[in-house]
Amino acid sequence: MSIQSVTKRKTAPDIRARKGGEPIVMLTSYHARTAALVDRYCDIILVGDSLGNVMHGFETTVPVTLEMMVLQGQAVMRGSQHALVVVDMPFGSYESSKEQAFYSAARILKETHCGAVKLEGGARMAETIAFLSERGVPVMGHIGLTPQSINTLGSFRAHGREEGSWEPIENDAKAIAQAGAFSVVIEAVAEPLARKITETIAIPTIGIGASATCDGQVLVLDDMLGLSPRTPKFVRRYGNLGPMIEAAIESYAADVRSRSFPGPEHVYGMKAQLSGH
Ligand code: KIV
């Protein structure tokens, strides 16, 4: 018998088959421990390049490297058993050619054993998505607000809110679906447009600041747990862990300073000696 987990993980085709069905639940995780918790309730764990902001304190996701994604992808795979793990392709690892994209995606799949990659961009990435999909790399697209393009976008504003601005975003969604992506994240897009795209394209849409009618939803775990300094409009906070963690650290510091920690129960006494040896 081969040494393989007996648990079957969800696959990209499993997610693709969920179009129009039970909503797909997705959260980010970058560590083994949070991955184990997310794995119990979610269909997809995204090792997002938002780890650049959350773990490394970068202002944007632009400085994130392939090495960072591989390392945290490995941690999330070790922590989870059931969910499909999708690893983000970082800025600069896939845009210059479809061959560069294949090399980077293959490295992510080989070194993390995750089930799929995600990349940002619509129609302009369609050829690359087709190239990867035809060569065994399941691709999740990402359209609307694409944070890796912050330096050309200028700001993190929502898209499709102005009269006459829908066409390029609709074309992006269609191009990605036709190119063979198994699903697409729609980020910060006017609600009626996200709804229309969801009704139009054949692959599942996963919304973040998009529409409740999307085929699934995703949030950054730290945002929904109340660990981020700023809560974007599209986040519902399901916890307030920031103040809880701070209170715990404050208590620990006070206990150390007053010598009430460690207590007698936290230290090791001597082993009893047998008399006469
Ligand atoms: O990097 C990330 O966490 C993401 C989500 C916001 C979809 O791409």
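Residues numbered from 1 in each chain as written. Predicted model: local features only at pLDDT ≥ 70, side-chain atom pairs only at ≥ 80, totals over all residues. Heavy atoms only, no water.

## Overview of the site of the ligand
Cut-off, in case you're wondering: The near set for a molecule or strand comprises every residue that places at least one heavy atom within 4 Å of it. For this analysis, a polar contact is any N or O atom pair within 3.5 Å, provided that within protein one partner can donate a hydrogen and the other can accept it, and provided that sequence-adjacent residues contribute only side-chain to side-chain pairs. The distinction between a cavity and a pocket rests on a 1 Å grid over the protein atoms alone: a 1.4 Å probe fits inside a cavity but cannot get out, while a pocket stays open yet meets protein on both sides within 12 Å along at least five of seven lines, and a residue with an atom within 4 Å of a point counts as lining. Each molecule is checked against the cavity or pocket grid, and it sits inside if more than half of its atoms lie within 2 Å of the grid points. Residue polarity is assigned by list, with Asp, Glu, Lys and Arg as charged and Ala, Val, Leu, Ile, Met, Phe, Trp, Tyr, Cys and Pro as nonpolar; anything else, Gly included, falls into the polar class.
Surveying the vicinity of the ligand reveals the residues Thr28, Leu46, Gly48, Asp49, Ser50, Asp88, Lys118, His142, Glu187, Ile208 and Val220. The contact in question runs from an oxygen atom of the ligand to an N or O atom on the side chain of Asp49, over 3.0 Å. Assessed atom by atom at 2 Å from the grid points, the ligand resides in the largest pocket. When grouped by side-chain class, the residues that make up the shell around the ligand number three nonpolar, four polar and four charged.

## Regarding helix α4 (residues 66–79)
To keep things clear, this is the line we draw: Numbering of helices and strands starts at the N terminus; helices are DSSP runs of H or I of at least 4 residues and strands are runs of E of at least 2. A helix's residues, less one, multiplied by 1.5 Å, set its expected span. The buried label applies to any residue whose accessible area, calculated with a 1.4 Å probe on protein chains only, is under 20% of its type's maximum; exposed applies above 50%, and partly exposed to all values in between. Contacts are residue-level and defined by heavy atoms, with any inter-residue pair within 4.5 Å sufficient.
With 14 residues, α4 should reach 20 Å at 1.5 Å per residue; the first-to-last C-alpha distance of 20 Å fits that figure. Taken across its 14 residues, α4 has 10 buried, putting it largely inside the fold. Looking at α4, one finds that the buried residues are Leu66, Met68, Met69, Val70, Gln72, Gly73, Ala75, Val76, Met77 and Gly79. Against the buried residues of α4 lie α2 (32–39), β2 (44–47), α3 (51–54), β3 (84–88) and α5 (98–112).

## Things to note about the sheet that holds strand β1 (residues 24–28)
For clarity, the cut-off: DSSP calls a pair of strands paired once it identifies at least 2 bridges connecting them. With axes taken as lines fitted to C-alpha atoms, and helix axes fitted only over the stretch in contact, angles between N-to-C directions fall between 0 and 180 degrees.
Around the barrel, eight strands lie side by side as β1-β2-β3-β4-β5-β6-β7-β8; this closed barrel has parallel pairing. Ignoring which end each strand starts from, the neighbouring axes of this sheet average 25° apart. Here β1 pairs with β2 via three bridges, running parallel. From the neighbouring strand, Met26 faces β2, where its bridge partner is Ile44. Most of the contacts of helix α8 (residues 167–179) go to strand β5 (residues 139–144), to which it runs at about 175°, and overall it touches β5 and β6 (183–187).

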